[in-house]
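Letter by letter, the chains look like this.
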Amino acid sequence: YYDSTQKLIEVSVAYGEERHIFLPDSSEIWLNAGTTIKYPQKFRGNQRLVWLNGEAYFSVKNDKLKAFIVQTEQLSVKVLGTRFNVKAYAGEEKTITTLTSGKVEVNIDDESRALIPNEQFTFNSRTSSIEIVQIAPNEAQGWITGQLIFNNSSFNEILQTLERRFDVSFYNNTSIASSRLYTVKFLKDENIEDILDVLVDVAGFTYQKENDKIILN
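**Student:** Would you take a moment to explain the overall build of the protein chain for this structure?
**Tutor:** Secondary structure summary: the protein chain contains 2 helices and 18 strands in total. Against the globule reference of 17 Å for 217 residues, the protein chain gives a C-alpha radius of gyration of 18 Å, in line with a compact fold. Once the C-alpha set of the protein chain is aligned to its principal axes, its extents read approximately 55 × 35 × 30 Å. Taking all 217 residues of the protein chain together, the buried fraction comes to 45%.

**Student:** Can you walk me through unusual backbone geometry in this structure?
**Tutor:** Both trends apply: most residues other than glycine have a negative phi, and most peptide bonds are in trans. A positive phi angle, close to 75°, is found at Ser-26, a residue other than glycine. Its location among the elements puts Ser-26 in the loop between strand E2 (19-22) and strand E3 (28-31).

**Student:** What's the story with the pattern of salt bridges in this structure? I'm lost.
**Tutor:** Any two side chains of opposite charge can pair, given that their charged atoms come close. Following the criterion strictly, the structure yields 7 salt bridges and no others. The residue Arg-48 makes a salt bridge to Asp-25 at a minimum N-O spacing of 2.5 Å. One end of the pair, Arg-48, is in strand E5 (residues 47-59); the other, Asp-25, is in the loop between E2 and E3, with 23 residues separating them in the sequence. Here the two residues Arg-48 and Asp-25 agree in accessibility, since each one is buried. Two residues, Glu-193 and Lys-209, come together in a salt bridge whose shortest N-O distance is 3.8 Å. Of this pair, Glu-193 sits in helix H2 (residues 192-204) while Lys-209 sits in strand E17 (residues 207-210); the two residues are 16 residues apart in sequence, bridging distant segments of the chain.

**Student:** How should H2 be read in this particular structure?
**Tutor:** Across its 13 residues, H2 extends 17 Å between first and last C-alpha, which sits within 8% of the 18 Å expected from 1.5 Å per residue. Close packing links the buried residues of H2 with strand E14 (148-154), helix H1 (155-166), strand E15 (169-172), strand E16 (181-186), E17 and strand E18 (213-216). For H2, the N-terminal capping position is held by Asn-191, with its side-chain oxygen 3.1 Å away from the main-chain nitrogen of Glu-193.

**Student:** Please explain the nonpolar core as it appears in this structure.
**Tutor:** Across soluble globular proteins, nonpolar side chains have a tendency to be buried as a group. Residues Ile-37, Val-50, Phe-58, Phe-68, Val-77 and Phe-84 are the most contacted members of the largest nonpolar core, which totals 29 residues. Mapped onto this core, the elements with two or more residues apiece are E3, strand E4 (36-40), E5, strand E6 (67-71), strand E7 (76-79), strand E8 (83-88), strand E10 (104-108) and strand E12 (119-124). The dominant element in this core, judged by the number of residues it contributes, is E5, at 4 residues. Grouped together as the second largest cluster of nonpolar side chains are 20 residues, Phe-150, Leu-162, Phe-170 and Ile-195 included.

**Student:** What should I look at first to understand the packing of H1 against H2 in this one?
**Tutor:** When two helices pack together, their arrangement is captured by the angle between the axes and the distance separating the axes. Contact geometry for H1 and H2: axes closest at 12 Å, N-to-C directions at 175°. Classified by the angle between their axes, H1 and H2 sit roughly antiparallel to one another. From H1, Phe-155, Ile-158, Leu-162 and Phe-166 reach across to H2, where they touch Ile-192, Ile-195, Leu-199 and Ala-203. Each residue belonging to the contact of H1 with H2 can be placed in one class, and the counts come to 8 nonpolar, no polar and no charged.

**Student:** How should the side chain of Arg-165 be read in this particular structure?
**Tutor:** Summarising the element assignment, Arg-165 is placed in helix H1. Of the side chains with opposite charge, Glu-18 lies nearest to the buried Arg-165, which makes no salt bridge, at 4.0 Å. Reaching out from Arg-165, the side chain makes a polar contact with the backbone oxygen of Gly-146 at a distance of 3.3 Å. The contact partners of Arg-165, leaving out residues within four places of it in the chain, are Gly-16, Glu-18, Ala-33, Trp-143, Gly-146, Gln-147 and Leu-148.

**Student:** What should I look at first to understand the layout of surface pockets in this one?
**Tutor:** Summary: where empty space remains is shown by rolling a probe the size of a single water molecule over the atoms. Roughly 1,000 Å³ of volume is contained in the largest pocket. Looking at the largest pocket, it is lined by 41 residues, and the ones nearest its centre are Lys-94, Ile-96, Asn-151, Ser-153 and Glu-157. Within the residue set of the lining of the largest pocket, elements represented by two or more residues are E8, strand E9 (94-101), E12, strand E13 (129-134), E14 and H1. For the lining of the largest pocket, the leading source of residues is E14, giving 7 residues. Of the residues in the lining of the largest pocket, the class split is 12 nonpolar, 18 polar and 11 charged.

Thresholds, definitions, all that
- Residues numbered from 1 in each chain as written.
- Predicted model: local features only at pLDDT ≥ 70, side-chain atom pairs only at ≥ 80, totals over all residues.
- Heavy atoms only, no water.
- Helix = DSSP H or I, 4+ residues; strand = E, 2+ residues; numbered from the N terminus.
- Rg over C-alpha atoms; globule rule 2.2 N^0.38 Å.
- Buried < 20%, exposed > 50% of the residue type's maximum accessible area, 1.4 Å probe, protein only.
- Salt bridge = Lys/Arg side-chain N within 4 Å of Asp/Glu carboxyl O.
- Expected span 1.5 Å × (residues − 1).
- Contact = heavy atoms within 4.5 Å.
- Polar contact = N/O pair within 3.5 Å; in protein donor to acceptor, adjacent residues only side chain to side chain.
- Core = buried A, V, L, I, M, F, W, Y, C linked by side-chain atoms within 4.5 Å.
- Axes fitted to C-alpha atoms, helices over the stretch in contact; angles between N-to-C directions.
- Parallel < 35°, antiparallel > 145°, perpendicular 65-115°, else oblique.
- Nonpolar A, V, L, I, M, F, W, Y, C, P; charged D, E, K, R; others polar.
- Lys, Arg positive; Asp, Glu negative; His and termini not counted.
- 1 Å grid on protein atoms, 1.4 Å probe; cavity = no way out; pocket = protein on both sides within 12 Å on 5 of 7 lines; lining within 4 Å.
- Points joined across faces, edges and corners; volume = space filled by probe spheres on them.

What follows is the structure in structure tokens.
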């Protein structure tokens, strides 16, 4: 990919996969399933700008002269040197930024919010609402080690995450209300059957699995 001044590198991660990459400044990024990131071959000027569609955990190399900026569809996250997670999948209502160390500034519609470690910033594009909450340490990057952590997530949000993680397709024939929210944590790299068996008890449905197709009733 080329813009008017330089070549951009694009990395895409398929469903059911994860990737670990290094940027030109030696910053590290862990990319979750279904994620695409674009960045220049070499950072120039006074900023390090990357474009994200999906979820990634960043460990940014400190450079006080060049701010590091993650641009998503709904907002941007600006840092100097820190560790943080951004979840911003195109088509999903929520964009979530979680800080684990250092300091970040989230910018949206000419407004900026500074986060401190273990704070999670959520922007809902449907309601234009913003929520900042405290989370437990290490939850932000739990997906890197196989954990799946849902905090006040709708049933559809859970299904979307499972589709990306396990490369499956759900056919939801249930009448579970989108307004119902669930908090459930899978901490031991459970397989899709283990997770569905728990969700059956939590949300109340039955399922039938046919290869990579899962029908919910």
